[in-house]
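Close look at the chain arrangement
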Amino acid sequence: MKHPRTVDDVMTHAVVSARLDAPVKEIVRSMRRWGVSAVPVLSAQGRVVGVVSEADVLGKVPGEARDDAGSVTAGSLMSAPPVTVPRDATIAGAARLMAQGHLKRLPVVDEDGRPVGVVSRGDLLKVYLRSDSELAEDVRHELLTHLIPEGDAALTVRVENGAVTLAGRLPQSVPADLALRLTRAVPGVVAATAEFTTS
């Protein structure tokens, strides 16, 4: 089973977008129809050049102009440059970007800046629904694959409600804080502590 590690693992692949010259009414209709709070705006070449959110519409279009706002387009409303992530961005990295920008959704783009999906806060939260046994298996795999040579440790991984306790013996060449950092980087882990002995 593939454990979610990157934005590509949790993103929504369908992208609701708008052209630069799309009128505000069309944008609002799309938002309501698809239940999204923001849409990426695409250039003629299909690259994400901005984002129009509900806040952009409400804050930049005068109330009296909202019903007949044919001259107000995505290009005049959008926030630019857009905050986007590549599909191989880590879940933690995307979450940090969202938190820093107070964003609910991020367009996911390919190497050319074209949209391949959208990741929302809800998508990122899915990693916290993983079972404790899945998390334990993933932590063991990470530690034994990347940090500890096979047969060189007696490692116990206990997980309760996403909190990991590492116990057992680590080789002297492996610092406990490195093992903890690697454990905390596993998507879905909410905390990690260690009860190691060294050999």
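The structure contained in this document is the topic of the report that follows.

Reading the values: the criteria
- Residues numbered from 1 in each chain as written.
- Predicted model: local features only at pLDDT ≥ 70, side-chain atom pairs only at ≥ 80, totals over all residues.
- Heavy atoms only, no water.
- Axes fitted to C-alpha atoms, helices over the stretch in contact; angles between N-to-C directions.
- Helix = DSSP H or I, 4+ residues; strand = E, 2+ residues; numbered from the N terminus.
- Parallel < 35°, antiparallel > 145°, perpendicular 65-115°, else oblique.
- Left-handed = near helix turned anticlockwise from the far one by under 90°.
- Contact = heavy atoms within 4.5 Å.
- Nonpolar A, V, L, I, M, F, W, Y, C, P; charged D, E, K, R; others polar.
- Buried < 20%, exposed > 50% of the residue type's maximum accessible area, 1.4 Å probe, protein only.
- Arc of directions from axis to C-beta.
- Core = buried A, V, L, I, M, F, W, Y, C linked by side-chain atoms within 4.5 Å.
- Pairing = 2+ DSSP bridges.

1. Quick word on the packing of helix α7 (residues 132–146) against helix α8 (residues 176–184)
Two elements in contact, α7 and α8, have axes separated by 9 Å at closest approach and are oriented at 135 degrees. Relative to α8, α7 is oriented oblique. Note that α7 runs across α8; the crossing there is right-handed. When α7 is examined against α8, the residues Val-139, Glu-142, Leu-143 and His-146 are found in contact with a partner set consisting of Ala-179, Leu-182 and Thr-183. Along the lines of polarity and charge, the residues of the contact of α7 with α8 split into 4 nonpolar, 2 polar and 1 charged.

2. Looking at helix α5 (residues 91–101)
Ile-91, Gly-93, Ala-94 and Met-98 are the residues of α5 that are buried. Angularly, the buried residues of α5 cover 165 degrees about the axis, an arc narrow enough to put them on a single face. Exposed and oriented more than 90 degrees from the buried face of α5 are Arg-96, Ala-99 and Gln-100. Of the surrounding secondary structure, the elements contacted by the buried residues of α5 are α1 (7–10), β4 (85–86), β5 (105–109), β6 (115–120) and α6 (121–125).

3. Let's talk about the nonpolar core
Core analysis: the biggest nonpolar cluster contains 19 residues, and Val-139, Leu-143, Val-157, Val-164, Leu-166 and Ala-179 have the highest contact counts within it. Those elements giving two or more residues to this core turn out to be α7, β7 (154–160), β8 (163–170), α8 and β9 (191–198). Per-element accounting of this core gives the leading share, 4 residues, to α7. Membership of the second largest hydrophobic core comes to 16 residues, among which are Ala-18, Met-31, Val-52 and Met-78.

4. With respect to the sheet that holds strand β3 (residues 48–53)
One open sheet holds the 3 strands; their spatial order is β1-β2-β3, and the pairing between them is mixed. Looking at strand neighbours, the two that pair on one side only are β1 (18–19) and β3, the edges of this open sheet.

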